[in-house]
Structure formats: C-alpha cells, structure tokens
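Structural features, examined
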Amino acid sequence: MGNSHKRGKVLLMYALIDCNNFYASCERVFNPSLVGKPVVVLSNNDGCVIARSNEAKALGIVMGAPAFQFEKDFEAKGVHVFSSNYALYGDMSARVMNILSEFSPDIEVYSIDESFLRFDGFKEHFNLQQYALEIIARIKRDTGIPISVGIAPTKSLGKVANKIAKKFPVRTQGAYAIDSEESRIKALKWTKIEDVWGIGRAHSKRLQAIQIDNAYKFTQLPNDYVQKQMSIVGLRLKRDLSGERILDLEKIPVKKNIAVTRSFKNNIDDVRDLEERVATYAIKMGEKLRRQKSCCTVIYVFLHTNQHRQDLAQLHRAVTIKLPYPTNSSIDLIKFAKSGLHRIYKEGYKFKKAGIIAMELTPENQKQYTLFTSENPKHLILMKTIDHLNTQTGQKVKFGSQDLKSFWKMRRERLSPRYSTRLEDIIKVICH
DNA sequence: TCTGGGGTCCTAGGACCC
DNA sequence: TCTGGGGTCCTAGGACCC
C-alpha cells in the first residue's frame, strides 16, 4: 500500500458508516410488521420516491420515481408508502450519531445518515473488522437501525469499502475493510465509474466515452488530464482513491447559505397568494438563521413555472437583494422578500415553485450597524420570544401575513406518527 | 390532476481599474 | 499587416453531494 497513508508507525484509517435505506428503516423501527416488506418514503407533497427498502428496490421502484405514476404498482405489489417524517428521521439520526461518537473521538457527521470516523492508530490495538461488527450490533440494539461500515486508509476508499459491505451483506456481515494494496486495487476494479463518490452523471459519461469504466482505470489517468477535465476537485479525488490521504474530516461548518424553497401543490398565479408563501418562507428562514446565530446581508428570491408542463408558458425569474443591514428578524425578512417578489412577479404565468435563499451570512454578534438604517432593536426580543414559544411550548405563532387556515399545507397523506418526538405519538406496548 | 429540498465548491469570463 | 496588458473582483453556471 506504499507509505502514503502511514505516518511514522501509526496506521491511519477511516470508517464510513452509513445507515441502510435510512428513512425506510426509521419507519420500520416503530412498525416491525414492515420488516421484510417493500417500503418507500415520498418527498414533500408526496411527490416522488426518495427512499426504498431493499424489497422495494428489488421490485424495480427507482429513486425519484414520481409517486402518481407508480400508484397502481404500489398497490399491486403491496408496497407500504409513507410521506416523509423529518421530525422522526432527524431524531433517529441524532441517536445514531451520538452512539457512533463513542467509538472514536474524531467524527464528521457527513449527512443525516452518514458519518466518517477516524481510526488512527486503532489497527495496532483492534481487529478493525471485529470493531466494526461491534458498532453494527450496538447501533442495531440501541436504535433498531441497520448500518454498513466501510474501512479504508482514505475517505473516498472508505466509501468504496462501504459499497462493498452493502452489496455483499452475507459475506461481509455489513463491514468491509480495504487494508492492503491488493484489496484496494481489487475494490477499485470492482467499482463502476458512475458509482464513485464525486463522479456524477456528466463526468462518468465523459469518462465512459474514453473507456474509463471503473474506478481503477480512473486512478491510472494522467494528473494533468484529470485536472483539466474535472478541475482540482477531480484531481484530489484521484489521489485520494490512489491511497494518498487528501480528504480529511471536516468540521461542521457554519452554513454559508440558507435556503427555503418549496413546490406548490397546485399552480399559483395570484400575486397575493405568492406573497403569503414568500412570507412563510421568510419566517422559516429567520428561524434557521437564528438557530445558527447568523444574520444575512443578501437575499435571493426566485419564482419558477412547472418545467414538466411544456404545454404552459415557462418563466424563471430571480432577484438578488442587498439588505441595508444584516438581519435575522422574520419581520424584516418578510418585508425584503416581498419587495423582491414584486420585482420578479409577472402576470399571466402559472407558478409552481418559489424560494428564498439567505446569503452572505455574518455572525449575529458582529452586526455592523450603520448610522441611519438599522433594524428595530425590539425585533430581537420579539424573535426570541417567538422562538421560545415555538420550540418550548409546542404553540405555533403565526404572523399576520401568513395563511391562518392552513390552506397551503403540504400534501402528507401517509405520514407516520412522530413516535420519538411527540408525547401523544409515543408507541404503546400492551402486555397481556 | 400529480414530478423534492438543501447544500458546497470551482471556473470562465466580463467589468473595471491603472 | 498592426488594435496594451495585467490584476482584481464579481457573477453565472456547471458539477457534485445526500
């Protein structure tokens, strides 16, 4: 394996831990009768499939499949369908990540269902394969969630190892280690180019055109060619896959942008209805900003018609607004977002989606107040109070510009209970 | 009728300046 | 025939991720 991943005598290793079919697995934890049955979870508005159990995958239900097209299929094949329940998934994720952090002091929570752990020096003291099996058993016992573990000297190789663990659950028992030069090459030759982490549709298509159809062949390309075609990002990936430790754990970054965007259940053409939507997004954005203690100085507002309806006139409009002062007050954000909306709105179009994005975030405690334009200091106290009411008491405070009749409520017809975060929904165990 | 949402990073090229 | 040149900043858009 060369010496590229060794420093002194300490062997450097990473583990990538990934929850299997996470959302579908979460639904199963609280409804064990679903074990062994096909389960799918739908996106917002029950639009398309975003998670599938292995049984659902085997039935040929593809990722992103529009739910309405598969409705009959679901019924015919006995597929259990759920609306996405982020309160449940977020809570289950936190439990899993908490336990994982007991197994290494160095952890990067990469996404809701994935973490990298650093195992530097562990190999001298543990059988890593065995250690991985312990992690799997512990997570299963304490949360009910099945996971896969890939162990390797670099992060991108950890991804490869994880994929092998998932693909051969019986042989690997859910854990696979790339721990020699031979196993690295064998694993890369097995990995299709389009399955490599960091190589998406566009790049894999271009690589396939020059007969680069697996990850090993990709690592044999000249550096300057890779850099030219795929920029510095591609070159870093090539070196990391070759066994050089290029990618390392990343700290949870403070977000640089915060977006709130939604598709509507139905088309909207009335500007007053759009105002209500945009105001609601602005409030949500304010909450997100305050949670990470940031203010924004720029907001971006956009409107889209339905791109799937080629029979209707299409329009994409957007505007970037520089705010006079950094803010995270929902009241201000509503005002600015609405003014943006009025600049881009055009009569005569049926809009399907709108969104706002907060940009150029600054820490809340570093506000630069300008002399004449600044925010109303009363907002600060008001927002604190509202956040407290919303998060601590379960009350929902609404603003005047919001719809009070829940007319816009997302379609979530098949929502499971919030088993783990809502007392009324807690699971009942009946003993006889 | 019905097709998700929220992020990051990099580069090319234009605007502008001296 | 020949039409400066180089630096910086900004933005749009492409590519990727889960």
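Basis of the calculations
- Residues numbered from 1 in each chain as written.
- Chains lettered and ligands numbered in written order.
- Predicted model: local features only at pLDDT ≥ 70, side-chain atom pairs only at ≥ 80, totals over all residues.
- Heavy atoms only, no water.
- Pairing = 2+ DSSP bridges.
- Helix = DSSP H or I, 4+ residues; strand = E, 2+ residues; numbered from the N terminus.
- Axes fitted to C-alpha atoms, helices over the stretch in contact; angles between N-to-C directions.
- Contact = heavy atoms within 4.5 Å.
- Polar contact = N/O pair within 3.5 Å; in protein donor to acceptor, adjacent residues only side chain to side chain.
- Core = buried A, V, L, I, M, F, W, Y, C linked by side-chain atoms within 4.5 Å.
- Buried < 20%, exposed > 50% of the residue type's maximum accessible area, 1.4 Å probe, protein only.

Pairing is mixed in the open sheet, where 3 strands are placed in the order S5-S4-S6. Looking along the sheet, the strands with just one partner apiece sit at the ends: strand S5 (49-52) and strand S6 (80-83). The sheet shows a mean angle of 25° between the axes of neighbouring strands, direction not considered. Here strand S4 (residues 39-42) runs beside S5; their pairing, made up of 3 bridges, is antiparallel. For Leu-42, the partnering residue across the bridge sits in S5 and is Val-49. Helix-sheet contacts for helix H1 (residues 22-29) involve S4, S5 and S6, and the interaxial angle to S4 is about 115°.

In this structure, Asp-332 sits in helix H13 (residues 330-344). At 3.2 Å, the side chain of Asp-332 and the side chain of Tyr-325 are in polar contact.

On to the nonpolar core. Nonpolar side chains in soluble globular proteins tend to be buried together. Ranked by internal contacts, the top residues of the largest apolar core, which has 39 residues, are Phe-119, Ile-135, Ile-145, Ile-147, Val-149 and Ile-151. Elements that contribute at least two residues to this core include exactly strand S3 (14-19), H1, S4, helix H4 (86-100), helix H5 (128-143), strand S9 (147-152) and strand S10 (175-177). Counting 38 residues, the second-largest nonpolar core is a separate cluster that includes Ile-268, Met-285, Ala-354 and Ala-358.

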